[in-house]
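Here are the chains, one letter per residue:
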Amino acid sequence: MKPSTFKTASLGIQHVLAMYAGAVLVPLIVGAAIGMTPKQLTYLVSIDIFMCGIATLLQVWRGKWIGIGLPVVLGCTFTAVSPMIAIGTTHGINYIYGAIIASGIFVLLIAPFFSRLVRFFPPVVTGSVVTIIGVTLIPVAMNNMGGGQGSPDFGSTENITLAFTTLAIIILMYRFFDGFARSISVLLGLLIGTVIAFFMGKVDFAPVMDASWFHVIQPFYFGVPAFEWSGILTMILVAMVSLVESTGVYFAVSDMCDEEVTEHDLAKGYRAEGIAIMLGGIFNAFPYTAFSQNVGLMQLSGVKSRTVIFYTAGFLIFLGLVPKIGAFTTIIPSSVLGGAMLAMFGMVMAQGIKMLGNVDMGKQENLLIIACSVGMGLGVTVVPELFAGLPDGVKILTGNGIVAGSLTALVLNVLFNEIGWKRTVDVPAKEKMS
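Being a predicted model, the structure only gives us computed values, none of them experimental.

Reading the values: the criteria
Residues numbered from 1 in each chain as written. Predicted model: local features only at pLDDT ≥ 70, side-chain atom pairs only at ≥ 80, totals over all residues. Heavy atoms only, no water. Axes fitted to C-alpha atoms, helices over the stretch in contact; angles between N-to-C directions. Helix = DSSP H or I, 4+ residues; strand = E, 2+ residues; numbered from the N terminus. Left-handed = near helix turned anticlockwise from the far one by under 90°. Contact = heavy atoms within 4.5 Å. Nonpolar A, V, L, I, M, F, W, Y, C, P; charged D, E, K, R; others polar. Expected span 1.5 Å × (residues − 1). Buried < 20%, exposed > 50% of the residue type's maximum accessible area, 1.4 Å probe, protein only. Core = buried A, V, L, I, M, F, W, Y, C linked by side-chain atoms within 4.5 Å. Bend = angle between axes of the 7 residues up to and from the residue. Phe/Tyr/Trp six-rings, centres within 6.5 Å; stacked < 30°, edge-to-face > 60°.

Colleague: Would you take a moment to explain the packing of helix 6 (residues 157-176) against helix 8 (residues 185-199) for this structure?
Modeller: For any two helices packed against each other, the geometry comes down to the angle between their axes and how far apart the axes lie. Contact geometry of helix 6 with helix 8 gives a least axis separation of 9 Å together with a crossing angle of 145°. Seen from above, helix 6 lies across helix 8 with right-handed handedness. The segment helix 6 lies against helix 8, with Leu162, Thr165, Thr166, Ile169, Ile170, Met173 and Tyr174 engaging Ser185, Val186, Leu188, Gly189, Leu190, Ile192, Gly193, Ile196 and Ala197. Broken down by class, the residue content of the contact of helix 6 with helix 8 amounts to 11 nonpolar, 5 polar and no charged.

Colleague: Quick question: what am I supposed to make of helix 5 (residues 123-145) here?
Modeller: For helix 5, with 23 residues, the first-to-last C-alpha span of 32 Å sits near the 33 Å given by 1.5 Å per residue. The element helix 5 is extensively covered by neighbouring structure, given that 17 of its 23 residues are classed as buried.

Colleague: Would you mind showing me how to read the nonpolar core here?
Modeller: One recurring pattern in soluble globular proteins is that nonpolar side chains are buried together. Core analysis: the largest hydrophobic core is formed by 117 residues, its most contacted members being Met84, Tyr288 and Phe345. Among the elements that make up this core, the one with the highest residue count is helix 10 (residues 229-256) (13 residues).

Colleague: Looking at this structure, I do not really get helix 4 (residues 93-117). What am I missing?
Modeller: Three- or four-residue spacings in an α-helix give side chains the same orientation, since the helix completes a turn every 3.6 residues. Counted at 1.5 Å a residue, the expected span for helix 4 with its 25 residues is 36 Å, but the 31 Å between its end C-alpha atoms falls short. At Ala111, helix 4 is bent by approximately 75°, the largest bend along its length, and proline Pro112 sits one to four residues beyond.

Colleague: I keep staring at the packing of aromatic side chains and nothing clicks. Help me out?
Modeller: Between two aromatic rings, the relevant description is the distance of the centres plus the angle of the planes. Taken as a whole and assessed by the stated rule, the structure comprises 7 aromatic pairs. With a centroid separation of 5.4 Å and an interplanar angle of 70°, the aromatic rings of Phe198 and Phe199 are classed as edge-to-face. A relative accessible area of 42% places Phe198 in the partly exposed class. Judged by relative accessible area, which is 69%, Phe199 ranks as exposed. When the centroid spacing of 5.0 Å and the interplanar angle of 90° are considered together, the rings of Tyr221 and Phe222 count as edge-to-face. Under the relative-accessibility criterion, Phe222 is labelled buried at 12%. Aromatic ring contacts, followed pair by pair, group Tyr43, Tyr97, Tyr221 and Phe222 into a single cluster.

Next comes the structure, spelled out in structure tokens:
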């Protein structure tokens, strides 16, 4: 029996709630890290939610050239947070959007071929990259738990209490609840933490009062995009990892819906993501990827309808046009955000470790790939001045830990697992006998 309009709309709202915290955290973290004003931050959150709706529409729509046509929801990828902060603090916000636009164009160009390039991104590569990204994000969470880097009350008892209370709420939701309640645990943690902060006098409603009820979406709101090679290369690598993650979501959803996904379908899905990324750069939003949390909600509800996701996209577009709603997320205290960030960023790192769990650890070559790539990524992040004396052309590859670590993983994987020649290892007689 076809579900009623009310039920379909209700399921669409549930999908919005399931992905909302993950969607708004990215602009809140990046905007705060690069020093945006409350007004700018309100716009950033609103346009991000709006573009999540547009990106989802592009993907759910089954067109001839774009759209995989499966009930998937797109949101901004957490793997882009650390790279965007690095680009923004080093070069400026315009360079973030230049890099995003360039990476979107790159995805569009490689869409027909990427299904064949996936072999160069096995779990040993993607797992290493995601692990590096997660680890480099943890200091951002810890600074926010203290109240925000440079804040006069950094590390105060109130800030630490709020941060760990928020984290405890999220953990307890996971421990004692199942299904939909668990899927929105981060959102509930942020809401309850903010309410507690309000009674402690740490919430300022001025940004909400100042925000308008409606705004018109503006391209290049933060200025004309600028381009710089290291930033572009970083965002291209992020886009490649996101495509691999999305591919996993596509196959998971297709299996749930009993629909076969062909190479042509994958290419249409990649093109939709490329266009979404480009539009994100033009309208000052972010790169997008398929959200796995919505797949879990779909499994829970048992409803696998594209119509539900069309409703979800419509709700996201509506919310993105109302800055007053977006402004509510900007009043969340930094310490409350920090508690949620620790859980979210820890999950990014855990996801990387989970991906590495699919790697054959019996092969010393794989252990060496993980060791060198993660070591290089963390090393460059902690000691960036190590390569300061190298030529500018080389520093494109060594100036960012994620780029350095990712390229190390890619090159070593090709060397050990793709090139036809294999080294034969002699097993000592003692080991053979045992």
